[in-house]
Structures are given as C-alpha cells and as structure tokens.
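# Topology and contacts: notes
Each chain is listed here by its residues.
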Amino acid sequence: MRFAGVGLVMLAAICWGITGGIADILMSKGWSPLVISFYRGAIGVVFFVIWLMFYLRRKWFISRRFFIWSFLAGIGVAGNFTFYFLSIQSSSIAVGATLMYTAPIFVLLISFVLKLERSTWFKWGCIASVLVGIALLTGAYNPSAISVSLIGVLAGLASGISYAVFIFGFKNAASLGKSPMTLTFAFLSFCFVLFFFIDLEEAANVATSSDIGWFLLLGVLGAGVSFIIYLVGLRMTAPTTASMVAMLEPVTASLFGVLLLGDHLGLIQLLGMVLILVTVMLLSVKQSD
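Because the structure is predicted, anything quoted here is derived from the model rather than measured.

## Remarks on the overall build of the protein
A tally of regular secondary structure across the protein gives 13 helices and 0 strands. Each helix and strand of the protein, placed in order from N terminus to C terminus, yields the pattern α-α-α-α-α-α-α-α-α-α-α-α-α. Here the protein holds 289 residues, and 52% of them are scored as buried. Long-range pairs, those at least 24 residues apart, make up 87% of the contacts in the protein with a sequence separation of at least 6.

## Notes on the pattern of salt bridges
Applying the stated criterion across every chain, the model contains 1 salt bridge. Two residues, K29 and D211, come together in a salt bridge whose shortest N-O distance is 3.5 Å. Remark: D211 occurs in the loop between helix 9 (200–205) and helix 10 (212–235) and K29 occurs in the loop between helix 1 (2–28) and helix 2 (33–53); sequence separation between them is 182 residues.

## A look at empty space enclosed by the protein
Tallied over the full model, the rule gives 1 cavity of 30 Å³ or more. Empty space within the largest cavity amounts to approximately 30 Å³. Examining the composition of the lining of the largest cavity, we find that 3 residues originate from one element, helix 12 (residues 248–260), more than from any other.

## Focus: a nonpolar patch on the surface
A cluster of nonpolar side chains, namely F71, I75, F192, F195, F196, F197 and L200, defines an oily patch on the protein surface of about 750 Å² accessible area. Counting only elements with at least two residues in the nonpolar patch, the list comes to helix 3 (64–90) and helix 8 (179–195). Mapped onto the elements of the fold, L200 is located in helix 9. The partly exposed category is assigned to L200, whose relative accessible area is 46%.

## So, the environment of L218
Among the structural elements, L218 can be located in helix 10. Judged by relative accessible area, L218 falls into the buried class, the value being 0%. Put simply, L218 and I43 are 175 residues apart on the chain and 8.6 Å apart in space, counted from C-alpha to C-alpha. Among residues more than four places away in sequence, those in contact with L218 are T19, I22, A23, I36, R40, F85 and A223.

## Some words on the nonpolar core
Membership of the largest hydrophobic core comes to 74 residues, with the highest contact counts inside it found for I36, F187 and F227. By residue number, the principal contributor to this core is helix 1, which donates 9 residues. Setting aside chain neighbours within four positions, we find I36 in contact with A23, L26, M27, W31, F85, F215 and L218.

## Remarks on the packing of aromatic side chains
Inspection of every chain in the model, using the stated rule, returns 22 aromatic pairs. For the pair F192 and F196, a centre-to-centre distance of 5.1 Å together with 80 degrees between the ring planes defines the contact as edge-to-face. In this structure F192 comes out as partly exposed when scored by relative accessible area, which is 48%. Each member of the aromatic cluster is reached from another via a ring pair, and the members are W16, F48, F81, F166, F170, F187, F190, F227 and Y230. Across from the ring centre of F81, 3.7 Å away, lies the NZ or CZ of R40, which sits over that ring.

## Topic: the packing of helix 4 (residues 93–100) against helix 12
Following both chains from N to C, one finds helix 4 and helix 12 inclined at 170 degrees, their axes separated by 8 Å at the closest point. Put simply, helix 4 runs roughly antiparallel to helix 12. The segment helix 4 lies against helix 12, with I93, A94, A97, T98 and M100 engaging E249, P250, A253, S254, F256 and G257. Its residues placed into classes, the contact of helix 4 with helix 12 shows 7 nonpolar, 3 polar and 1 charged.

## Topic: helix 4
With 8 of 8 residues buried, helix 4 lies mostly within the body of the structure. Looking at helix 4, one finds that the buried residues are I93, A94, V95, G96, A97, T98, L99 and M100.

## Concerning the packing of helix 8 against helix 10
Here helix 8 crosses helix 10 at 145 degrees, and the two axes come no closer than 11 Å. Helix-helix and strand crossings are classified by hand; for helix 8 and helix 10 the assignment is right-handed. Of the residues in helix 10, those touching helix 8 at S179, L183 and F187 are A223, F227, L231 and R235. Looking at the contact of helix 8 with helix 10, its residues break down into 5 nonpolar, 1 polar and 1 charged.

## Some words on the confidence of the model for the protein
Parts of the prediction with low pLDDT should not have their coordinates interpreted in detail. For the protein, per-residue confidence averages 84 on the pLDDT scale, and residues scoring 70 or more make up 89% of the total. For the protein, helix 11 (residues 239–245) is the element with the lowest average pLDDT, namely 67, and helix 9 is the one with the highest, namely 96.

Cut-offs applied
Residues numbered from 1 in each chain as written. Predicted model: local features only at pLDDT ≥ 70, side-chain atom pairs only at ≥ 80, totals over all residues. Heavy atoms only, no water. Helix = DSSP H or I, 4+ residues; strand = E, 2+ residues; numbered from the N terminus. Buried < 20%, exposed > 50% of the residue type's maximum accessible area, 1.4 Å probe, protein only. Contact = heavy atoms within 4.5 Å. Salt bridge = Lys/Arg side-chain N within 4 Å of Asp/Glu carboxyl O. 1 Å grid on protein atoms, 1.4 Å probe; cavity = no way out; pocket = protein on both sides within 12 Å on 5 of 7 lines; lining within 4 Å. Points joined across faces, edges and corners; volume = space filled by probe spheres on them. Patch = residues over 30% accessible without salt bridge, like charges linked within 9 Å, V, L, I, M, F, W, Y side chains within 5 Å. Areas by Shrake-Rupley, 256 points an atom, 1.4 Å probe, with all protein chains shown as cover. Core = buried A, V, L, I, M, F, W, Y, C linked by side-chain atoms within 4.5 Å. Phe/Tyr/Trp six-rings, centres within 6.5 Å; stacked < 30°, edge-to-face > 60°. Lys NZ or Arg CZ within 6 Å of the ring centre and 35° of its normal. Axes fitted to C-alpha atoms, helices over the stretch in contact; angles between N-to-C directions. Parallel < 35°, antiparallel > 145°, perpendicular 65-115°, else oblique. Nonpolar A, V, L, I, M, F, W, Y, C, P; charged D, E, K, R; others polar. Left-handed = near helix turned anticlockwise from the far one by under 90°. pLDDT = per-residue confidence, 0-100.

Next comes the structure, spelled out in structure tokens:
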C-alpha cells in the first residue's frame, strides 16, 4: 500500500508538471493566463462533484468555518494557477515552477511573525539558501545581465504565496469536512472568484476553438484527476515522502520546457533551481519530523 501511495503522489506531480507545458502552449497560441487558469479549475470541479457523489449518503455536519476555510483555499488555488501561468508567460516554465515551490518559506516567515514557529539557525539558513537560489535562478546576482523579467519573478513568488494560502485553507477545511467536499467547495470558490476577472468573450470562444482539446487535457491532468489521486495517495504515504516526491512537478515542468518547447537553462540557473528545491525538500522533511 505504501508503494501504491508513493506511485499516486508521483503520478499527480508529473501531471502538474505537464500542465505547465500545456499552459505554455496555449499562451503561445494567444490565450490569456486568466482564461487558461479558469478552465483548469472549472473542468476540475466536474471531477470533484462526481467524486463527492459517492459520499452523499453519509451524514456530514458542515459548519460556517468549513465554508470560510474552503473559500480561502479557493482564493489560494486561483492565485496559484493564475500567477504560475503569468510567471511562465513572462519567464519560463522552469522559473515559474521552481519559484512556486518557495511556498514553505513563506509559510515559515508568516509563522515567525505570528509566533507559531520557533526561530532557529536551521530555518533561517533555509531561508537564506532559497534567497541565494532565487538570485542564481533569475540572474539577480548580476543586475546588468539579469535573465528573468521582474514580472516573471514576482508572479512566480506570488504563486508560491498563493500556494501557501491554499494549503493553509485546505488543511483547516479538511479538518472540518471530508476531502471530496473540501475540494468541491474550494474549486467552486475558485471559479466564482476568477469569473469576475476573465474576459467572458474569450472564455466563450474556447468551446468552439480548435484548442478545446488542449483545454480539456489541461483540466483533466492539471486538476480533475491529479488532485484526486494525490489526496488518495497522500493517505497511504508519509508526509516526508510525499514532500520529496512532489518535487517531481518542477523537474517534470522544466524537462517539458527544455525538451519540447526549446527553453534554455544555463549552468548557474540549474544550480539555483537545485538549491531551491533541495532546501525546500529538507525544510519540509524537517518540519514533518
């Protein structure tokens, strides 16, 4: 069962990595990151509702707090998807995916401010290490030859912050209700929030465009199937193992960009990417002990 859980988490991470590549293809065809993000979540809702239907016979108590936390999770995932795609558009898949995984660092900093975490040299060392990795990845160590746009960096970091918000909201909501219901309400909130920001005419044109297949694949791999198999796999996997396996997402996304889309990463950028991912993985493992 343990190996099955690891396999499911691994499959979900690979699906998320491929999603970044699909989004890049759609953006190169002229579709906006907001519309792409909206369809990713909207198609996912269909799968979550079907999953929820298998649990409808059970009696659940749903509190107001559950809806509040689910709504917060929905806002978090809306920001995560949208800023991630914006970062890809302004920089590259590798940069966007790697910066998104700085989320644990933001959680740590917030915990310091709220005095939920005890400050240690190891934790501050992790923060410093990630900052060095970001400088190497983006070229910020040499402002005259910076390799990534400021918008790309800020959007990538914003996706990481949004990811942290999603995790925080989802964990609290899931403690009050079952995962299928939490995902369903979170993504319904996601669709509700993004609906007010997208170009409705562009969104309507998706249904009759030749790119509808890409949008469907994006939603199925990027939300519908991946989130379900990830949560199922998480139940059978230790948190430390899941944290390490999830690092396949930025690796898969980077390989997709380099091998299929012609992205290029220099040696220093690769070093920065590895430094960020290894530091975040070590922090996640330490926090789970």
